[in-house]
Amino acid sequence: MSEPVPGPSHPGSVLLDLGPGTGALILRTGPEANGREIEISPVGDHGGHRTHSAVRPREVPRGTQYAAVYPGLAAGMYTVWRDERQPDGEVTIAEATVTTAWWPASPR
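Model, not experiment: these values are computed from the prediction. (Residues numbered from 1 in each chain as written. Predicted model: local features only at pLDDT ≥ 70, side-chain atom pairs only at ≥ 80, totals over all residues. Heavy atoms only, no water.)

Draft legend 1. Structural detail: the pattern of salt bridges. Considering all chains together, one arrives at two salt bridges under this definition. For the salt bridge of Arg82 with Asp88, the shortest nitrogen-to-oxygen distance reads 2.8 Å. In this structure Arg82 comes out as buried when scored by relative accessible area, which is 5%. Take Asp88: its relative accessible area is 10%, and that puts it in the buried class. (Salt bridge = Lys/Arg side-chain N within 4 Å of Asp/Glu carboxyl O. Buried < 20%, exposed > 50% of the residue type's maximum accessible area, 1.4 Å probe, protein only.)

Draft legend 2. Region of the structure containing the pairing of strand β8 (residues 98-102). Going residue by residue along β8, you find Thr99 and Ala101 tucked away on one face and Val98, Thr100 and Trp102 left uncovered on the opposite face. Bridging between strand β1 (residues 22-29) and β8 involves five bridges; their strand directions are parallel. Directly across from Arg28, in β8, lies its bridge partner Trp102. (Helix = DSSP H or I, 4+ residues; strand = E, 2+ residues; numbered from the N terminus. Pairing = 2+ DSSP bridges.)

Draft legend 3. Local environment of the sheet that holds strand β2 (residues 37-42). Pairing is antiparallel across the open sheet formed by four strands, whose spatial order is β3-β2-β6-β7. Each edge of the open sheet is held by one strand with a lone partner, namely β3 (51-54) and β7 (87-93). Looking at each pair of strands side by side, their axes are set apart by 30° on average, direction ignored. Examined bridge by bridge, β2 and β3 share four bridges and lie antiparallel to one another. By the bridge assignment for β3, Ile38 is matched with Ser53. (Axes fitted to C-alpha atoms, helices over the stretch in contact; angles between N-to-C directions.)

Draft legend 4. The arrangement of the nonpolar core in detail. Core analysis: the largest hydrophobic core is formed by 16 residues, its most contacted members being Leu25, Leu27 and Tyr70. The set of elements that each furnish at least two residues to this core consists of β1, β2, β5 (63-74), β6 (76-81) and β7. The element that contributes the greatest number of residues to this core is β5, accounting for four residues. Every residue in contact with Leu27, bar those within four places of it in the chain, is listed here: Ile38, Tyr66, Ala67, Ala68, Tyr70, Val80, Ala101, Trp102 and Trp103. (Core = buried A, V, L, I, M, F, W, Y, C linked by side-chain atoms within 4.5 Å. Contact = heavy atoms within 4.5 Å.)

In structure tokens form, the structure reads like this:
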């Protein structure tokens, strides 16, 4: 049984937790990734704690963009995973800041 893909989010519908020691990540994708779960983990933590978020359409003033949002991350370096075993790249999360990156970081 598959889970339903969430519909689009609208401006003001996503709450980001920003502050001392905490930042957020917006991982932008193309529309072909809609519904895909993308995992991230602290750099060096290859088998342990991973956080995931689903790619969804995000309605913004310029139109529809596709992104996975990670609202409250401890500041530091994270690995973004292409799949279960293969990393796609790394991203730095700064405290009190929203970081934006692209997935995939590089073509296959």
